[in-house]
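One letter stands for each residue in the lines below.
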Amino acid sequence: MPELISGEAFGALFREFESSAWRWEAQGTYNQPDEVEPWQRWRDGVPVLDDLAWLRSWLDDIRAATEVGKVFQRVRLLTEPLTEYLRWQMEVTPANIDAGEEIRLLTQAEASKLALPEHDFWIFDHVRVAVLHYGPGGLTGAEIVTEPATVARYEQWRKIAWAEAVSYEDFVKT
């Protein structure tokens, strides 16, 4: 097992990047402890955008970063059909976009045709990759990769995914 960072060390990646943070989000469901309660409220019929307290610090961080010219982008893989978790996330997405994050979507079938990876990762400043590892209770940590040839492979996946994905706004119009 590779060495993983988590907690404060993982959080520092989002404070220390200089220009761009890009995510490939490939799971149909995430079992993050901080999402259990808001996800259940959504299941109970409470509109998502009525209570984003659980997400506020993340949205504030995105807003602060993008206001000084940093870029936050994400491509989210969509299962077919959408999992319940992804249906919930589709309703949360406008808050991320309003904070300044660019989000695009790509179907599972298209991602498979493009040979995109099945694991999640972040790329920071095109030179550092955080390969995310998950367990039954959610994120267990991130493996940091800086070896140039490996980073180049992740950058290629980023370019392909970003070029082929559809913006959230265009996706919801269809």
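Residues numbered from 1 in each chain as written. Predicted model: local features only at pLDDT ≥ 70, side-chain atom pairs only at ≥ 80, totals over all residues. Heavy atoms only, no water.

Draft legend 1. Local environment of unusual backbone geometry. The omega angle of the peptide bond from E80 to P81 is 0°, so this bond is cis rather than trans. Assignment of secondary structure puts P81 in the loop between β2 (71–78) and α4 (84–99). Despite not being glycine, D125 has its phi angle at roughly 55°, a positive value. Here D125 shows up in the loop between β4 (121–124) and β5 (128–135). Non-glycine residue H126 carries a positive phi angle of around 65°. Of note, H126 is situated in the loop between β4 and β5. (Helix = DSSP H or I, 4+ residues; strand = E, 2+ residues; numbered from the N terminus.)

Draft legend 2. Examining empty space enclosed by the protein more closely. Applying the stated criterion across every chain yields a total of one cavity of 30 Å³ or more. By volume, the largest cavity is sized at about 60 Å³. Tallying contributions element by element places helix α2 (residues 36–43) first for the lining of the largest cavity, with three residues. For the lining of the largest cavity, the residue count by class is eight nonpolar, no polar and two charged. (1 Å grid on protein atoms, 1.4 Å probe; cavity = no way out; pocket = protein on both sides within 12 Å on 5 of 7 lines; lining within 4 Å. Points joined across faces, edges and corners; volume = space filled by probe spheres on them. Nonpolar A, V, L, I, M, F, W, Y, C, P; charged D, E, K, R; others polar.)

Draft legend 3. Spotlight on the layout of surface pockets. Considered as a void within the structure, the largest pocket measures approximately 870 Å³ in volume. Along its surface, the largest pocket is lined by 31 residues, and F10, F14, R23, D34 and W58 are the ones closest to its centre. Counting only elements with at least two residues in the lining of the largest pocket, the list comes to α1 (7–16), β1 (20–25), α3 (56–67), β2, α4 and β5.

Draft legend 4. Seen up close, α4. Its 16 residues give α4 an end-to-end C-alpha distance of 24 Å, which sits within 8% of 22 Å, the value for a rise of 1.5 Å per residue. Those residues of α4 that fall on the buried side of the exposure criterion are Y85, L86, W88, Q89, M90, V92, T93, A95, N96, I97 and A99. Where α4 is buried, its residues contact α2, α3, β2, β3 (102–107) and α7 (168–173). One or two steps after α4, the chain reaches G100, where phi turns positive at roughly 120°. (Expected span 1.5 Å × (residues − 1). Buried < 20%, exposed > 50% of the residue type's maximum accessible area, 1.4 Å probe, protein only. Contact = heavy atoms within 4.5 Å.)

Draft legend 5. Region of the structure containing the pairing of strand β6 (residues 138–145). Summarising the sheet, β5 and β6 pair through seven bridges and their orientation is antiparallel. Along β6, the bridge assignment pairs L132 with A142. (Pairing = 2+ DSSP bridges.)

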